[in-house]
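Survey of secondary and tertiary structure
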Amino acid sequence: MQEDCTKQGGMTYFYSGANQSYTYYAISNPNDCEKVANSCTEKVFLLEDSLQAFFGQALATTTVPDWEKRRTLMEPMFDAASARTGVWNRHAKILVEELESKVGKGFFDQTECLQNAAMGILLKSTYGDIEDELQSIASHKTCMQETMDVLYERHRSFMKHKTFIFRLSRLKRRQDACVRTMKALTNELITMKRVEFKKKSASETLLDFLLGLEIQGVSSEKNTVDDIHGIIFGGYSTLVNSLTFILVMIGSNPEVQERVYTEIQNVLSDSTREVKMDDLNNFIYLHAVILEVLRLYPVVSILTRKTKNSMDLSKYSIDPGSNCLLFIHAMNRHHSWGAEREAFKPERWLDGSSRPPYATFGLGRRSCIGMKLALSSMKVILIHLLRDYKVIADIKKLVIKQELLLTPVSGHYIALERRSKTLSSSFQPQDVHC
Ligand code: HEM
């Protein structure tokens, strides 16, 4: 659908939902997408009642006036959380240990290990130390997966878009049960942390910042719960799916992997020490590899916006109040990226030339507030993993599906070999695959 939109000149329209009242203007022309995203911050929520039940007034789902007020206040809190390398080193080490049993045993599904690492990082960044961490990771993972499944199931059952039909369905009862579990998990942790917060002199975690906003009177207890749901949901599967795509791509391109490994040795002087914040700025090639994989596989592949004013785009004009879908997958592979737009070429990020807008983390003012945290934590995980193991994968076998996120469904398994300084005989350099 996204490619077709580009073929039709970068903009098209369609109807979606149980009746024709949902008209969408789909846009894949990068300049037009950027124009819409820069001038509009209101989103179109197809399943508004479900989103409200799960996330209420979280940053990602709240109305524009509330968003304007809270986005500015929340940016410093994400900046602080993006510097907590200790958290990522710890979970990266746990991941490396978990994967140890898989070395030399052929292809396996790495998803569960990545899920543990991603949820571990999110819970630690949000709450700090948690008493029964393993149990918390497990229950939050189950709950986030159920949230994703309920939203996706409703999304694809058009008749259940209608609130009165949805209310009568089994899916609604599943949603209610999931919301209850999510609230119980969050309330239990917040209640414990409120007591600790009163004794603290400075904010250390995302929750501390949110509790600080409550004390300043700019946020409510409900906002805090909603925001935590939004942060954990917003960060969890995006991290897991992105890491999967990155590992599969690196595992399919041995010469890229060797270059990343050389960079790791150069920056960390061949040691096994922890990665520090200052080190991360020196991982220039790894940064390019991550951006390039996520250009080709943007896990959030569609953004929605509602226009406030009429807008003149490159070929058409649209009215105020129009529902727009910004097609990120098509935009990231648009011909403005050059003849090799479909190829995996990390070098394109290194030559300093100007590039078309990159939309993997969103566009305009309402783009991803967790981007720095996501990029830095993924780098630390990859550094730990790639300095101990060689990853083998075959991206030609990768099958992806557009669920709520762009999701790998098969062909994403990897195999691991223990690192030695030279390439092993079973690991022959091949052409760059994509
Ligand atoms: C590779 C990982 C990630 C990707 C690709 C990604 C992508 C995105 C995108 C495209 C948006 C914009 C959505 C829109 O305009 O409708 C967004 C928003 C958001 N993301 Fe991320 N994200 C990632 C990781 C994270 C993490 C780790 C967190 C939290 C710790 C997070 C929290 C959020 C929040 C709260 C918003 C809403 C921002 C707002 O409305 O102002 N994301 N993300």
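Residues numbered from 1 in each chain as written. Predicted model: local features only at pLDDT ≥ 70, side-chain atom pairs only at ≥ 80, totals over all residues. Heavy atoms only, no water.

Turning to helix H10 (residues 206–216), a few remarks are in order. Here H10 lies mainly inside the structure; 8 of its 11 residues are buried. Looking only at H10, the buried set comprises Leu206, Leu207, Asp208, Leu210, Leu211, Gly212, Leu213 and Glu214. Buried-residue contacts for H10 involve helix H4 (64–81), helix H6 (111–127), helix H9 (170–199) and helix H11 (221–252). (Buried < 20%, exposed > 50% of the residue type's maximum accessible area, 1.4 Å probe, protein only. Helix = DSSP H or I, 4+ residues; strand = E, 2+ residues; numbered from the N terminus. Contact = heavy atoms within 4.5 Å.)

Let us look at the side chain of asparagine 223. One can find asparagine 223 in helix H11. Each residue touching asparagine 223, except ones within four places of it in the same chain, is listed here: Gln57 and Arg70.

Before going further, it helps to spend a moment on the sheet that holds strand E2 (residues 23–27). Taking strand neighbours across the sheet as the criterion, the 4 strands line up as E1-E2-E6-E3 in an open arrangement whose pairing is mixed. Where the open sheet ends on each side, the last strands, each with one partner, are strand E1 (11–15) and strand E3 (302–306). Each strand axis lies, on average, 30 degrees off the axis of its neighbour in the sheet, ignoring direction. In this sheet, strand E6 (residues 323–327) lies alongside E3 in antiparallel orientation, the contact comprising 5 bridges. (Pairing = 2+ DSSP bridges. Axes fitted to C-alpha atoms, helices over the stretch in contact; angles between N-to-C directions.)

Bringing empty space enclosed by the protein into the picture now. A probe matching the size of a water molecule, rolled over the atoms, marks out where space remains unfilled. Considering all chains together, one arrives at 1 cavity of 30 Å³ or more under this definition. Each pocket or cavity is described by its volume, and for the largest cavity that value is around 40 Å³. Forming the walls of the largest cavity are His140, Cys143, Met144, Met182, Leu185, Thr186, Ile228, His229 and Ile232. Residue assignment for the lining of the largest cavity shows that the elements contributing at least two residues are helix H7 (133–156), H9 and H11. Of the residues assigned to the lining of the largest cavity, the class counts are 6 nonpolar, 3 polar and no charged. (1 Å grid on protein atoms, 1.4 Å probe; cavity = no way out; pocket = protein on both sides within 12 Å on 5 of 7 lines; lining within 4 Å. Points joined across faces, edges and corners; volume = space filled by probe spheres on them. Nonpolar A, V, L, I, M, F, W, Y, C, P; charged D, E, K, R; others polar.)

Where side chains of opposite charge bring their charged atoms close, a pairing between them can arise. What the rule picks out here adds up to 29 salt bridges. Between arginine 194 and glutamate 214 there is a salt bridge, with the nearest N and O atoms lying 2.9 Å from each other. Placement of the pair is arginine 194 in helix H9 and glutamate 214 in helix H10, with a sequence separation of 20 residues. For arginine 194, a relative accessible area of 24% puts it in the partly exposed group. Note that glutamate 292 and arginine 348 form a salt bridge whose closest N and O atoms lie 3.0 Å from each other. With glutamate 292 in helix H14 (residues 284–296) and arginine 348 in the loop between helix H15 (328–332) and helix H16 (371–388), this residue pair connects regions lying 56 residues apart in the sequence. (Salt bridge = Lys/Arg side-chain N within 4 Å of Asp/Glu carboxyl O.)

Another aspect to go through is the layout of surface pockets. Taken as a whole, the second largest pocket encloses approximately 300 Å³ of empty space. Forming the boundary of the second largest pocket are 18 residues, of which Gln145, Ser237, Asn241, Glu403 and Thr407 lie nearest the centre. Those elements that place two or more of their residues in the lining of the second largest pocket are H6, H7, H11 and strand E9 (406–410). Broken down by class, the residue content of the lining of the second largest pocket amounts to 8 nonpolar, 8 polar and 2 charged.

On to the environment of leucine 303. Mapping leucine 303 onto the fold places it in strand E3. For leucine 303, a relative accessible area of 12% gives the class buried. Here the alpha-carbon distance between leucine 303 and lysine 43, two residues 260 residues apart in the chain, equals 8.2 Å. If sequence neighbours within four positions are ignored, leucine 303 has contacts with Cys324, Leu325, Leu326, Ile328, Gly362 and Leu363.

What follows deals with the coordination of the iron atom of the ligand. Only one protein atom coordinates the iron atom of the ligand: Cys368 (SG), located 2.3 Å from the metal. Mapping cysteine 368 onto the fold places it in the loop between H15 and H16. (Donors = N, O, S within 2.8 Å, 3.2 Å for Na, K, Ca; no water.)

Right, let's talk about the environment of lysine 397 for a bit. Tracing the backbone shows lysine 397 in the loop between strand E7 (389–392) and strand E8 (399–402). What makes lysine 397 exposed here is its relative accessible area of 55%. Between the C-alpha atom of lysine 397 and that of glycine 411, which follows or precedes it by 14 residues, the distance is 4.6 Å. For lysine 397, the residues in contact, after removing those within four places along its chain, are Ser410 and Gly411.

As a further point, take the confidence of the model for the chain. Summing up the model confidence of the chain, the mean pLDDT is 93 and the portion of residues at 70 or higher is 96%. Counted against residues more than four places away or in other chains, residues 422–434, with its pLDDT under 50, gives 37 contacts. (pLDDT = per-residue confidence, 0-100.)

An ideal rise of 1.5 Å per residue puts 26 Å on 18 residues; H16 measures up with 26 Å between its terminal C-alpha atoms. The buried fraction of H16 is high, at 15 of 18 residues. (Expected span 1.5 Å × (residues − 1).)

Around the ligand there are 26 residues in total, and Trp67, Arg71, Arg305, Arg366 and Cys368 lie nearest to it. Within the side chain of arginine 305, a nitrogen or oxygen atom sits 3.0 Å from an oxygen atom of the ligand. In this structure, arginine 366 approaches the ligand through a side-chain N or O atom, which is 3.1 Å from an oxygen atom. The element that contributes the greatest number of residues to the shell around the ligand is H11, accounting for 5 residues. Partitioned by chemical class, the residues of the shell around the ligand number 14 nonpolar, 8 polar and 4 charged. (Near = heavy atom within 4 Å. Polar contact = N/O pair within 3.5 Å; in protein donor to acceptor, adjacent residues only side chain to side chain.)

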